Amino acid sequence: MKLYTCNKCSNPLYFENSSCLKCNNPVGFDASQLSFVTLAAGNDGIFINIQDKKQAYRFCKNAVNSTCNWLVPAHSSEEYCEACSLNRTIPSLSNNENVAKWKKIEIAKHRLVYSLLHLHLPVEAKKDDTAKGIAFDFMADMPGGERIMTGQDEGVITLNIEEADDTKRVRNQADLGEKYRTLLGHFRHEIGHYYWDVLIKDSAFLDEYRKIFGDETKDYDEALKAYYAATLPANWGDSFISPYSTSHPWEDWAETWAHYLHLMDTLETAYSFGLGIHTEKANDELKIRTDITRDPYTIASFDTIMQMWLPLTFTVNSLNRSMGYGDFYPFIISNTVKEKLQFIHKVCRQSAQNGLVQ
């Protein structure tokens, strides 16, 4: 994530801000430019860019619920921003608890959409059940009804809103033996399944994918049954980023895809803050260092990205442990996993360059 500042007073902004906390000016996110705009209020809900008075905006309709700070051009007939237009189902807003959960969900989803746009991946709303595109269903379990399962099916991403309940999410994490479980992680994983269909299925990348991840034509349901019934081999980490990656090549792709998005967005944040690691200042014998001086989204070489990522995660894990927390990034990237991440990096870059997306 980039570091944004208010164009009036230069105060730093969080990605979720809808006003500057220093000068109180309204601010909003322009997805077409991946930038924040500092605004002056006009008439009839119209806001003007204080740096370019020819640019006029409205806030996304979901701003009324404090769940969105993205902008829509004033001349557009659309009510919703590029991120919120992807929503097909939202939870009932008849109680404050659902509104609070939905707000957490939207924070994570907007960060996901930012990354997808930054990678120049196709992001379009699914118009009907047969059309291509993305649709989000945010749903709650109903008394006596069938449990809502988080997952993805032909571009429809369903999320049980209980995942926005920190206590329940931590309980689910413990029950499933996971080291990492977040709303943003869910979104990055599930959208990975969608982009497998878009980028890999029926593409020139399919044979290489199978060489690296395995044959996805193996029975998916039977593979999951076998995964939950068996004991993980002790050396699973030699080839996979997470235990769940071992279940099926589709899940291996989705888990690795999620980690690729973790990596790219975190490194962009580190770049925006000008972070560097220089252990020789504290210990002449420990030579772990890097200067994160380039935006990872502009780097073609994945080796260069990894040279920044590994020192950064070791450092932040060490900081977390100093505070008594678990590791910020509780994963090990083996050479095999690096090859998988490198493949995803290549696919994303080549797909954009070859004109799959605008």
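Data block above holds the structure.
Described in the following lines is the structure provided in the data block. Here the residue index of a chain counts from 1 through its sequence in written order. The predicted nature of this model means local features are confined to residues of pLDDT at least 70 and side-chain atom pairs, given and counted, to a pLDDT of 80 or more, with totals for whole chains, interfaces and linings taken over all residues. Neither water nor hydrogens contribute to the side-chain values; these are computed over all heavy atoms in the structure.

**Quick look at the pattern of salt bridges**
The salt bridge definition used is simple: a Lys or Arg side-chain nitrogen within 4 Å of an Asp or Glu carboxyl oxygen. Inspection of every chain in the model, using the stated rule, returns 17 salt bridges. Here Glu-208 makes a salt bridge to Lys-346, at a shortest N to O gap of 2.7 Å. You can see Glu-208 sitting in helix α4 (residues 206-213) and its partner Lys-346 sitting in helix α8 (residues 335-353), a full 138 residues away along the chain. For each residue, the accessible area found with a 1.4 Å probe, counting protein chains only, is set against the maximum for its type, and the residue is called buried under 20%, exposed over 50%, and partly exposed in between. According to the relative accessible area criterion, Lys-346 is partly exposed, its value standing at 28%. One salt bridge in this structure joins Asp-252 and Lys-340, with 2.6 Å as the shortest N-O distance. Helix and strand assignments come from DSSP, with helices taken as H or I runs of at least 4 residues and strands as E runs of at least 2, each series counted from the N terminus.

**Here's the deal with helix α5 (residues 220-229)**
Since there are 3.6 residues in each turn of an α-helix, residues three or four apart along the chain are aligned in direction. Burial in α5 covers these residues: Ala-223, Leu-224 and Tyr-227. What you see down the axis of α5 is that its buried residues fit within an arc of 95°, all on one side. Across from the buried face of α5, at angles greater than 90 degrees, the exposed residues are Asp-221, Lys-225 and Ala-229. Here a polar contact is taken to be a pair of N or O atoms separated by no more than 3.5 Å, where protein atoms must pair a possible hydrogen donor with a possible acceptor and residues adjacent in sequence count only if both atoms sit in side chains. For α5, the N-terminal cap is Asp-219; the gap from its side-chain oxygen to the backbone nitrogen of Asp-221 is 3.2 Å. Arc definition: it is the arc formed by the directions from the helix axis to the C-beta atoms.

**What about the sheet that holds strand β5 (residues 47-49)?**
In space, the five strands of this open sheet follow the order β3-β4-β5-β6-β7, with antiparallel pairing throughout. The outermost strands of the open sheet, each flanked by one partner alone, are β3 (27-30) and β7 (71-73). When the angles between neighbouring strand axes are averaged without regard to direction, this sheet yields 50°. Two elements, strand β6 (residues 52-59) and β7, share three bridges in a ladder whose sense is antiparallel. Looking across to β7, one finds that Arg-58 is bridged to Val-72. In this analysis, strands are considered paired if DSSP registers two or more bridges between them. Note on definitions: angles span 0 to 180 degrees between N-to-C directions of axes, and those axes are lines fitted to C-alpha atoms, for helices only across the stretch in contact.

**Let's talk about the packing of α4 against α8**
Interaxial distance between α4 and α8 falls to 10 Å at its minimum, and their mutual angle equals 160°. Relative to α8, the element α4 is oriented roughly antiparallel. In this structure, α4 meets α8 at a crossing whose hand is left-handed. Along the contact surface, α4 presents Glu-208, Tyr-209, Ile-212 and Phe-213, while α8 presents Glu-339, Lys-340, Phe-343, Ile-344 and Lys-346. Looking at side-chain class alone, the contact of α4 with α8 contains five nonpolar, no polar and four charged residues. Between 65 and 115 degrees an angle is taken as roughly perpendicular, under 35 as roughly parallel, over 145 as roughly antiparallel, and anywhere else as oblique. Crossing handedness follows the turn of the near helix against the far one: under a right angle anticlockwise gives a left-handed crossing, and clockwise gives a right-handed one. Only heavy atoms enter the contact rule, under which two residues are in contact if any of them lie within 4.5 Å. Amino acid classes used here: Ala, Val, Leu, Ile, Met, Phe, Trp, Tyr, Cys and Pro are nonpolar; Asp, Glu, Lys and Arg are charged; the rest, including Gly, are polar.

Functional significance is not addressed by these values, which are geometric in nature.
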